[in-house]
Amino acid sequence: MRKQYSSKQFLKGAMVLTVAALVTKILSAVYRVPFQNIVGDIGFYIYQQVYPFYGIAIALSTYGFPVIISKLVAEKLEENDEEGAKDAALTSFLFLCITGLVWFMAVFFGAGMIAGWMGDPHLKPLIQVISLSFLLLPPLSALRGYYQGKEDMLPTAVSQVAEQSFRVVTILVFSVILVGQGQSLYTVGKGALFGSIIGGIAAVIVLIFFQALKKEKKLSSGIFTLSKDYLSIWKRLLKDGTAICVSAMLLILLQFIDSLNVYALLTSSGMEESAAKAWKGIYDRGQPFVQLGNVVATSISLTIVPLVTSAYIGKKESLVREYSQLSLKISIIIGFAASLGLINLIVPTNTMLFENAEGSGVIAVFCISIFFSCLILTFAGIFQGIGKIYFPAYCIIAGVLLKYAGNAVLVPSFGTMGASLSTVISLAVITVLMVFRLKKLFPIRLIDPSFYLTLLASGAAMTAVLQGLMYLYGLTLNAGMPERPLSVVFSLGGVMTGGAVFMIVLLRGNVLSEDEIGFLPFGSKWVRLLGKIQPISKRR
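Residues numbered from 1 in each chain as written. Predicted model: local features only at pLDDT ≥ 70, side-chain atom pairs only at ≥ 80, totals over all residues. Heavy atoms only, no water.

A. Seen up close, the overall build of the protein. From N to C terminus, the protein includes 22 helices and zero strands. The burial tally for the protein puts 54% of its 540 residues in the buried class. Of all intrachain contacts in the protein linking residues separated by at least 6 positions in sequence, the fraction that spans at least 24 positions is 82%. Summed over all atoms, the accessible surface of the protein reaches about 23,000 Å², with 69% contributed by carbon and sulfur. (Helix = DSSP H or I, 4+ residues; strand = E, 2+ residues; numbered from the N terminus. Buried < 20%, exposed > 50% of the residue type's maximum accessible area, 1.4 Å probe, protein only. Contact = heavy atoms within 4.5 Å. Areas by Shrake-Rupley, 256 points an atom, 1.4 Å probe, with all protein chains shown as cover.)

Below you can see the structure in the form of structure tokens.
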């Protein structure tokens, strides 16, 4: 008989998975800074051209297929069918063996053609190296999905953290060694990408270790036996798994489009190859900013799905609306503050992280993506929670196609600024489509207009203070102070000062209840501050 889990145990498991996802997101964003410092802008360009293939493999093995497999396993366990649960995982594993092999063969044998599309034939061997990551898709997805279906989130969480940790350490160590040996940047890039394969292997070993530790009957027994309903399982994996994967791959797909045509468009419009590679590498500096900006939005999305799902299944429409409103408010606040703050501080922040202020204008425009991507991730979580898993995928596919067309039109005229603009435009269109759809589902106003007025006032106050700091930064720099140490002081000081000003004005606006403020980062501290800056009579 299936072990019964309390809601407390389930929430604990969900929290473990959320923390693991946040740690991996932070690691995935932060390591790019020392890596770029080691290999430079051209080396960063080489790595970023091929990275989206790994990002796709990660999305498939972490967010897409394991979710569907966990549902298949959970359904069997609800019927007290332990063997049926294992059969569902094994049947899924066989499907993923075919899927992973198809992806591997397509990328490995198509590497020359893909490199040709990118306009850089030297990328072929790097693409072939990263194609190996798709061969790890079956064990990673099946084992993670199996344990998640049993409401045991620890194996998935540990494997995710292990994968990113081994990957990041290997990438940085290989890069330092190969650069020190005087190897070409393409060889350094190949070594860095091999680090991603090492990370995936480490994750598989962790999952196998958990299986041995739990002393369960191995899933591999009966691996060549198909269950009677294998076709329905495969169809569900193909349809539902793909839809969830697409929603999880929003930023990766946009990066993939940039890899396909930005460099090629720059060179075809007359830019020298070395300059085009450097400018593409500079443009790619914007990726860590967006990834870090989305960390909180990711946690909201991971948290909101089970809450909305539970309320939706219980037919509690008011509760669904309440959770949706709360998550949207927090996403808007964080996305808006992060985007606007980075735009104001982009020159010192760019210098602090990447050694110089090259491309600050391009990155500033790119940082607008943080606001829209935060909203999209939250919308996707809401839609998934109410069972509308296909709509976010359709919107994202439309946005990706628009991104490709936008690059083709804007990059030849505006260079990498055109790529930034096309990213922002495509994300804005996806956001608008989701807003209209959500309004149809919930015909009443989700957020009061006073919220937006207070938000704008908070942004204006923060901008005024930060522009004053930037004026002081310019004066100090002109006085002969060393640029990079100075940029560290003004970047970190600006983040703290700007964030404090933004939150004080927002709290004074009385548009958030104490419970809502508690969901913000450092929520308890903001609640205590609220008591000092706002009279009790005005608190909500």
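B. Spatial organisation of unusual backbone geometry. Of note, Glu355 is a non-glycine position whose phi angle comes to about 80°, a positive value. Turning to its location among the elements, Glu355 is positioned in the loop between helix H14 (317-354) and helix H15 (360-366).

C. Molecular detail of the confidence of the model for the protein. Mean pLDDT for the protein: 84, with 86% of residues reaching 70 or above. Overall, residues 1-8 carries pLDDT values under 50, and its contacts beyond four positions in sequence, including any with other chains, amount to ten contacts. (pLDDT = per-residue confidence, 0-100.)

D. Structural view of the pattern of salt bridges. Tallying each qualifying case throughout the model produces four salt bridges. The partner of Arg144 in a salt bridge is Glu163, and the shortest N-O contact between them spans 3.0 Å. Remark: Glu163 occurs in helix H7 (residues 154-180) and Arg144 occurs in helix H6 (residues 137-149); sequence separation between them is 19 residues. An identical accessibility class is assigned to Arg144 and Glu163; each is buried. In this structure, the salt-bridge partner of Lys280 is Asp284, at a minimum N-O distance of 2.8 Å. Relative accessible area serves as the criterion here: at 1%, Lys280 is assigned to the buried category. (Salt bridge = Lys/Arg side-chain N within 4 Å of Asp/Glu carboxyl O.)

E. How the structure looks around H14. Between the first and last C-alpha of H14 there are merely 48 Å, a value that for 38 residues lags more than 12% behind the 56 Å anticipated at 1.5 Å per step. The largest bend in H14 amounts to roughly 75° and is located at Ile346, with the proline Pro348 lying one to four residues further along. By the criterion of burial, H14 is predominantly enclosed, with 28 of the 38 residues buried. One or two steps after H14, the chain reaches Glu355, where phi turns positive at roughly 80°. (Expected span 1.5 Å × (residues − 1). Bend = angle between axes of the 7 residues up to and from the residue.)

F. Representation of the environment of Gln325. Tracing the chain through its elements places Gln325 in helix H14. Exposure remark for Gln325: the relative accessible area of 24% places this residue in the partly exposed category. Along the backbone, Gln325 and Ile382 are 57 residues apart, and their C-alpha atoms lie at a distance of 9.9 Å.

G. Spatial organisation of the nonpolar core. Of all hydrophobic cores here, the largest spans 130 residues; its most connected members are Phe53, Leu123, Ile127 and Phe502. Sorting elements by how many residues they give to this core places helix H2 (residues 32-78) first, with 22 residues. If you look at the next biggest cluster of nonpolar residues, it comprises six residues, including Leu140, Ala203, Val204 and Leu207. (Core = buried A, V, L, I, M, F, W, Y, C linked by side-chain atoms within 4.5 Å.)

H. A nonpolar patch on the surface, seen in detail. On the surface, Leu101, Met105, Phe109, Leu132 and Leu135 cluster together into a nonpolar patch covering about 470 Å² of accessible area. With respect to the helices, strands and loops of the structure, Leu132 is situated in the loop between helix H5 (124-130) and H6. By relative accessible area, Leu132 is classed as partly exposed at 33%. (Patch = residues over 30% accessible without salt bridge, like charges linked within 9 Å, V, L, I, M, F, W, Y side chains within 5 Å.)

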